[in-house]
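Observations on the model geometry
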Amino acid sequence: MSYPSEVINGPAMDPDAPLAAAAQQGDLDAFESLVAKYQKRMLNIAYRITGDHDEACEVAQDAFLAAFRGLAGFRGEARFSTWLTSITVNRSRNRLKQLKVRRSRVPMSLDAPLRTGDGELLPDPASGNPSVLDRLEQRDVASKVQGCIQALEPEFRAVIVLRDMQDMAYEEISAVLKLAAGTVKSRLFRARESVKECLKKAMGRL
Amino acid sequence: MDHNDIRHKLSEYLDNAVTDDERTTIEAHLLTCAACADALRELRQTIEHLRSVEEIEPPAWMTAKVMAQVREEAEKKNRWFQWLFYPLAVKLPLQTMALLFLTVSAYYIYTSINPAERYTEPPLEGRSEKEAPKAARREQERRVAEQTPAPSRPFSQKPGYRSLDMKYSYEKPASPEPAAQPPFADGEPKAGPAAPAPGSGAAQPDRRKTEVADRPQKPSYPTEEARSSAPAPSAAAEGLASARERTALRTEEANRQRERSYVEFIRSIEAFPYEAPTEKRRRVMGNLGQLSLGMHEQHVTSLIGRPDYAGASERLGPPYAAEGIYWVYVFTQRQPKFEDPQNDQYLMIFFDNSGKAFRIHPHNLQGAQRKGDPPGAGR
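This text gives an overview of the structure that appears in the document. (Residues numbered from 1 in each chain as written. Chains lettered and ligands numbered in written order. Predicted model: local features only at pLDDT ≥ 70, side-chain atom pairs only at ≥ 80, totals over all residues. Heavy atoms only, no water.)

1. Brief notes about the nonpolar core
Just so we agree on the cut-off: Residues belong to a common nonpolar core when they are buried Ala, Val, Leu, Ile, Met, Phe, Trp, Tyr or Cys residues joined through side-chain atoms within 4.5 Å. Think of it in three bands: with a 1.4 Å probe and only protein chains considered, a residue is buried below 20% of the maximum accessible area for its type, exposed above 50%, and partly exposed in between. A run of DSSP states H or I qualifies as a helix once it reaches four residues; a run of E qualifies as a strand once it reaches two. Both are numbered from the N-terminal end.
Counting residues in hydrophobic clusters, the biggest one holds 33 residues, and the most contacted among them are A:Phe31 and B:Val70. Put simply, the parts of the chain that give this core at least two residues each are helix 2 (17–24), helix 3 (28–50), helix 4 (53–70) and helix 5 (80–105) of chain A together with helix 4 (62–84) of chain B. Counting residues in each nonpolar core, the second largest holds 31 residues, with B:Tyr326, B:Phe331, B:Met348 and B:Leu365 among its members.

Structure (C-alpha cells):
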C-alpha cells in the first residue's frame, strides 16, 4: 500500500520530528544526532553530483550549517530528511556549476585527463569522444559508473542518484527536487538510458 | 500502448510504478518482442550496476567540524540577542550618548554651511519695488541691470540668489581679490581693484556715480527682507553692515564659487530666443579687443565680467583634449537645447590649467577676431 505523498513526506510520518523540534529550541546535541545520522547520505549525494570528493565534503558541511541556520524557518511541512536533502542537492548543483566554469577556463588537452580530488577520471561531459571512453574501460565498474554519471547533465544526475543510489521513493524525490511526478519519471528514464549507453560503450557489454 | 510507449514505461515497470493494467500489457508485449526484452534486460543491469556502487564513508572529523561551526553560529546568535536585551542600566546611557552625538553632529554640519548660502535673497536693485510678483520683479531687475552698469554691491548681494539671477555675472567686474581693495570703511562701495583694470577706466566713473546715487536705497533694505520667501536673514543683514564682513563674504563666495553650468544658465533664462542685455553686449564687445592670449582669468573678468556659463574642456569631446576650462558669454541663443551655429552669437574663451587664456573664440560676432590655435592643432 502506498500512502499519499503528503502523508509520506509530512510531519506525521517524520521519524526525525522530535529531534528537529528539540534542535529548533536550541538543543545542539539533538542537532548533532541529526548530523551523525545523515552525514553519509548527504556526502554521497554531494559526491555523485559534484564528482569531487573534497568538494563534496565541503558541500555537505555547508548544507548542515545552512540547515541549522534555517531551522527557525523549518515548519515541519516536509520531513526533515527531505528538507535537508533538498538543501544538499541545491548546493551540490551550484557547486557543480562553479566547478564547470572553473574547468572550462582551463584549456583542456585530451592527453591530460582532468583529475578530481580522489583521482577519478572525469570524462568531458560533451563528449562521445572515443579516447575518453577508452580510458574508462581500464577502470573498474564503480569508476565507470561514476564516470558515466558525471557525463550526465546536473538535473539528470540528481534523479538517478536519489533513485538508484539512495533508494528514494518517487514521492520523496518529487518533494526534494520540487518536480511533478511525471517529470521525475521521464527524467529518470532518460538518465538511465544515458548511463546504460555509456556503460555499454565503456564495458563492451553490460 | 504501442512499442515506443512500452519502451518508455520499462523504467517505471522496473520500479513497480505502473498500474496493474499497464503491467499486464507490458508483460504480454515482452513475451513477443525480443528487442524490448533486451532493452529491459539492459536497463535492469544498468540499475544493478548503479546500485552496486558503494557509498563513500564520511571522514571521521566531519560531524565534529560541522558541530564546531554550528556552535559558533549559536554563540553568535546568543551574543546578538543579549546585546539587544542589555539591562536597562546599560542601555539608557548608551542611547542617550548616541542621541547626543547625533545632535552635536547635526549642529556642526549646520553651522559649517556658509551662512550666506543658507538663505536666498533678491539683490538690492530689485528692492525699489515692493511686493511685486516674482516675474515682475525679475523683469525689474533686468531693466535695472541694463540701466545701471553693474556696480559691485557686495554688502547687498546674497550669493544664494546667484544661480537664479543671470544678471549676477555683472556684479563682479573686478577680480575677487579682496586684499588689494580699499576697505569699505569710508562708506562708499568701490568697484574693486581699479589698478588691474586699466581698460575699463571709462566705465568706472559711471559706476561710481550710480553707486552713490543708489545708496539711499540702503535704508529700505530691512523692508525688502520681509519680502523674501526664504527665512528672513535679518541677522545676516545686520552682520553685513560691517565692511570687513562684506569683504570676507566676497572672498568666501569667490573661493567657493563654482562656475555656473550651462544648465543653470539655461534655467535662468525666462524666454527664448535669448538676447543679451545691451550693457553686457556693450561691455564685452567694447573690451574684446583688449583680451589677449596668456591673460589670466581674473584679468579677463575685470575686463568683460564673469561668463554666462563655463565647463571643463574635456566635456566638449574631441578634438578638445582635457586642456582646462572654457567660458562662454552668450549674446543670442535661439533655443535652450540645441545650439544654432548659424545664428547664435557667443564668445568662448579657453583657459589652461594654470588659468591663462590660450584661445579666444568669438562666434558670429561682427568684427571680432579669433585668437589662438584651433582645437586639436599643434598637439
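2. Some words on the pairing of strand 4 (residues 345–351) of chain B
Remember that side chains alternate between the two faces of the sheet whenever the strand is regular. Residue and element names in this part refer to chain B. Put simply, the test is: DSSP-based pairing: two strands are paired if at least 2 bridges between them are found.
With seven of seven residues buried, strand 4 lies mostly within the body of the structure. Residue alternation in strand 4 divides its side chains into two sets, Gln345, Leu347, Ile349 and Phe351 and Tyr346, Met348 and Phe350, and both sets are buried. Sheet analysis places strand 3 (residues 325–333) next to strand 4, joined by seven bridges and oriented antiparallel. Each residue of the ladder has a partner; that of Thr332, found in strand 4, is Gln345. With antiparallel pairing between neighbouring strands as the criterion, strand 4 and strand 5 (residues 357–363) make up a hairpin whose turn holds five residues, including Gly355 at a positive phi of roughly 85°.

3. Comments concerning the packing of aromatic side chains
The condition that has to hold: Here the aromatic set is Phe, Tyr and Trp, taking the six-membered ring for Trp, and pairing holds for ring centres within 6.5 Å; pairs whose planes are under 30 degrees apart are stacked, those over 60 apart are edge-to-face, and all others are tilted. For a Lys NZ or an Arg CZ to count as sitting over a ring, it must be within 6 Å of the ring centre and within 35 degrees of the ring normal.
According to the stated counting rule, one finds twelve aromatic pairs over all chains in the structure shown. Among the aromatic residues, those joined into a ring-pair cluster are A:Tyr38, A:Phe74, A:Phe80 and A:Trp83. Of note, B:Lys77 hangs over the ring of A:Phe68, and the distance from its end group to the ring centre comes to 5.2 Å. Above the ring of B:Phe350, the side-chain terminus of B:Arg359 is found at 4.6 Å from the ring centroid.

4. Structural notes on the state of the cysteines
Disulfide: a covalent bond formed between the sulfur atoms of two cysteine residues. The test is simple: By disulfide we mean two sulfur atoms from cysteines, separated by a distance within 2.5 Å.
Summed over all chains, the structure comprises one disulfide over all chains. The disulfide partner of A:Cys148 is A:Cys198, and the gap between their sulfur atoms is 2.0 Å. Judged by the sign of its S-S torsion, about -80°, the bond between A:Cys148 and A:Cys198 is left-handed. Of this pair, A:Cys148 sits in helix 7 (residues 141–150) while A:Cys198 sits in helix 10 (residues 181–203), placing them 50 residues apart in sequence. Each member of the pair A:Cys148 and A:Cys198 is classed as buried. For B:Cys36, which is in no disulfide, the shortest distance to another cysteine sulfur is to B:Cys33 and amounts to 3.5 Å. Judged by relative accessible area, which is 0%, B:Cys36 ranks as buried.

5. A few points about the environment of A:Arg48
Our working rule: Every residue pair with non-hydrogen atoms within 4.5 Å of one another is taken to be in contact.
Summarising the element assignment, A:Arg48 is placed in helix 3. A C-alpha to C-alpha distance of 9.7 Å links A:Arg48 and A:Gly147, two positions 99 residues apart in sequence. Excluding its chain neighbours within four sequence positions, the residues that come into contact with A:Arg48 are A:Gln146, A:Ile149, A:Gln150, A:Arg157, A:Val161, A:Met165, B:Val53 and B:Glu54.

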